Amino acid sequence: MSFSYFITKKYTLSKRESGFINLVSIIAVTGISLGVATLIIALSILSGFEKTLTEKIIDFDSHIQISSYKSILSDYNKSINGLRNLLPPGTRISAFAQNIAIISSRKVQEGVNIKGITADNSTLRLKENIKSGNFDLSVNSDGSGKIIIGKKLASKLRIKLNDRITVFALAHNKLPSAANLPNIQKFTVSGIFESDMAEYDDLYAYVELNAARNLFNMNEAGVTGYDIKVSDITKIDSLTNFLNDELRYPFFARSIYQTHRNIFTWIDLQKKPIPIILGLIIIVAVFNIIGTLLMIVLEKTSAIGILKSLGAKRGQVIKIFVYQGMFLALIGIAIGNFIAFTLTYLQYHYRFIHIPSSVYFMSSIPVMIKPENFVLISVITFLLCIVAALIPSYIASKIKPVSTLRFN
């Protein structure tokens, strides 16, 4: 055991130290622990937001969507076979027919996007997000279709499973008139899904592809676009650019990042202030360490003089205060990690902090516990605390034994 470490240990564990110095040490440790906990929680929430939003968007949307400058594509079989030749192996593609319509229950009417999909559609994870009922888009015995709607939309319409609703859609995509009456069809609610994202729970309803074709006056091969799911999401942007280069009029491709640019831009904007926040909180922790050690230097001036008069070297005195700073930093970092892990763990499992889904696209604050966040913040804080401890340590090492002993 080195001399500096021995003195630090005796001083730290002593019960006879000044109450004021102990109070200052507690304040320093508290500042460090709160700073570390705040940073880790902030990074965990941002990671959770990004992961949750991306997963939810991908669940209810495709990686790439191919649409048309025309409202309806009539050569479905020819188009989809040509598209498959352009896509890499493992890529899934499904056709859809989508348009705006009005859903009406007995008391309420709401405007929605009706999306017609095939029963074997593998580009959307709608089935996994159904909270009541089943993924059933089959035809009823009376010839009417079945529909799957969002939980929030069901609440607005005041309907539940197996209720009948009426859907109104424009005929031939033109304003209604005496010669062009709107199409009206009855549907039975077979499933209610919940994504916690108002953009989907409020505005989307799913029916079978042929039912959508009949509702929108399309022919038997008519579609409005194609959903594409790739096996490697890192290739989404490159494949989108490739498709736009290869496809001819009237097709064009848009990636999920382009379709939901506002959401992903919002996530990126949330990340930008993190380095500033990190720097400010660490600066507070650094000043806490410097202030605490300077107080200790002032309190222990005579003790430092005695040590130096007994032969303690300048480097040994510096090490005593560096060890003291390390000790305060380690305690603060350990407490901060414990606080951050406890709060993020409880939020991850119990979701006790709720937020408005209409604003934040989800009903509770998402968190993602990443060990690298804990390690990164802890290491940076510890290194900066050591650097901060060098300033008062250097001041302590410059104290002259003669001066301290003469006035004490």
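Residues numbered from 1 in each chain as written. Predicted model: local features only at pLDDT ≥ 70, side-chain atom pairs only at ≥ 80, totals over all residues. Heavy atoms only, no water.

## Let's talk about helix α7 (residues 236-246)
Operational definition: Between buried and exposed lies partly exposed: a residue is buried under 20% and exposed over 50% of the maximum accessible area for its type, with that area taken using a 1.4 Å probe on protein chains only. The numbering of helices and of strands both runs from the N terminus, where a helix is a DSSP run of H or I of at least 4 residues and a strand a run of E of at least 2. Throughout, the arc means the angular range of directions from the helix axis out to the C-beta atoms.
Burial in α7 covers these residues: Ile236, Leu239, Thr240 and Leu243. Summarising the axial view, the buried residues of α7 lie within an arc of 105°, below the 170-degree limit, and thus occupy one face.

## Some remarks on the layout of surface pockets
Summary: where empty space remains is shown by rolling a probe the size of a single water molecule over the atoms. Selection criterion: Only protein atoms enter the calculation, which uses a 1 Å grid: trapped sets of points that fit a 1.4 Å probe without letting it out are cavities, open sets showing protein on both sides within 12 Å along at least five of seven lines are pockets, and any residue with an atom within 4 Å of a point is a lining residue. Grid points are joined across faces, edges and corners, and a volume is the space filled by probe spheres set on the points. In this classification, Asp, Glu, Lys and Arg are treated as charged, Ala, Val, Leu, Ile, Met, Phe, Trp, Tyr, Cys and Pro as nonpolar, and every other residue, Gly included, as polar.
Of the pockets and cavities examined, the largest pocket occupies roughly 410 Å³. Lining the largest pocket we find 20 residues, and of these Thr52, Glu55, Lys56, Arg351 and Pro366 sit closest to its centre. Partitioning the lining of the largest pocket into residue classes produces five nonpolar, six polar and nine charged.

## As for the pattern of salt bridges
Pairs can form between side chains of opposite charge once their charged atoms are near each other. Short version of the rule: A side-chain nitrogen of Lys or Arg and a carboxyl oxygen of Asp or Glu constitute a salt bridge if their distance falls within 4 Å.
Using the criterion set out here, one finds six salt bridges in the structure. Note that lysine 146 and aspartate 136 form a salt bridge whose closest N and O atoms lie 2.7 Å from each other. Of this pair, lysine 146 sits in strand β5 (residues 145-150) while aspartate 136 is found in the loop between β4 (130-133) and β5, placing the two residues ten residues apart along the sequence. When its relative accessible area of 17% is taken as the criterion, lysine 146 is described as buried. With relative accessibility at 23%, the residue aspartate 136 sits in the partly exposed group. We note a salt bridge from lysine 151 to glutamate 194, for which the minimum N-O separation is 3.8 Å. Taken together, the positions of lysine 151 in helix α4 (residues 151-157) and glutamate 194 in the loop between β7 (183-193) and α5 (198-201) put the pair 43 residues apart, joining distant regions of the chain.

## A word on the nonpolar core
Going by this rule: The term nonpolar core refers to a set of buried residues drawn from Ala, Val, Leu, Ile, Met, Phe, Trp, Tyr and Cys, joined through side-chain atoms within 4.5 Å. Two residues form a contact once any of their heavy atoms are found within 4.5 Å.
Judged by nonpolar contacts, the single largest core of 41 residues is most densely connected at Ile66, Tyr206 and Leu243. Secondary-structure elements contributing two or more residues to this core are α2 (19-60), β1 (64-68), β2 (92-104), β8 (204-208), β9 (225-229), α7, β10 (251-255) and α9 (261-271). Among the elements that make up this core, the one with the highest residue count is α2 (five residues). Residues in contact with leucine 243, not counting those within four places in the same chain, are Ile64, Ile66, Leu86, Leu87, Ile228 and Ala253. Judged by nonpolar contacts, the second largest core, of 26 residues, contains Ala97, Phe187, Val207 and Leu215.

## Remarks on the packing of aromatic side chains
As a reminder of what qualifies: In this scheme Phe, Tyr and Trp rings, the latter by its six-membered ring, pair at centre separations within 6.5 Å, and the angle between planes marks the pair as stacked below 30 degrees, edge-to-face above 60, and tilted otherwise.
What the rule picks out here adds up to five aromatic pairs. The interplanar angle of 70° and the centroid separation of 4.9 Å between the aromatic rings of tyrosine 257 and phenylalanine 264 together place this pair among those described as edge-to-face. Residue tyrosine 257 is classed as partly exposed on the basis of its relative accessible area of 28%. Judged by relative accessible area, which is 12%, phenylalanine 264 ranks as buried. Measuring from centroid to centroid gives 6.4 Å for phenylalanine 341 and phenylalanine 374, while their planes differ by 65°, and the two rings are edge-to-face. You can see phenylalanine 341 sitting in helix α12 (residues 314-350) and its partner phenylalanine 374 sitting in helix α14 (residues 371-397), a full 33 residues away along the chain.

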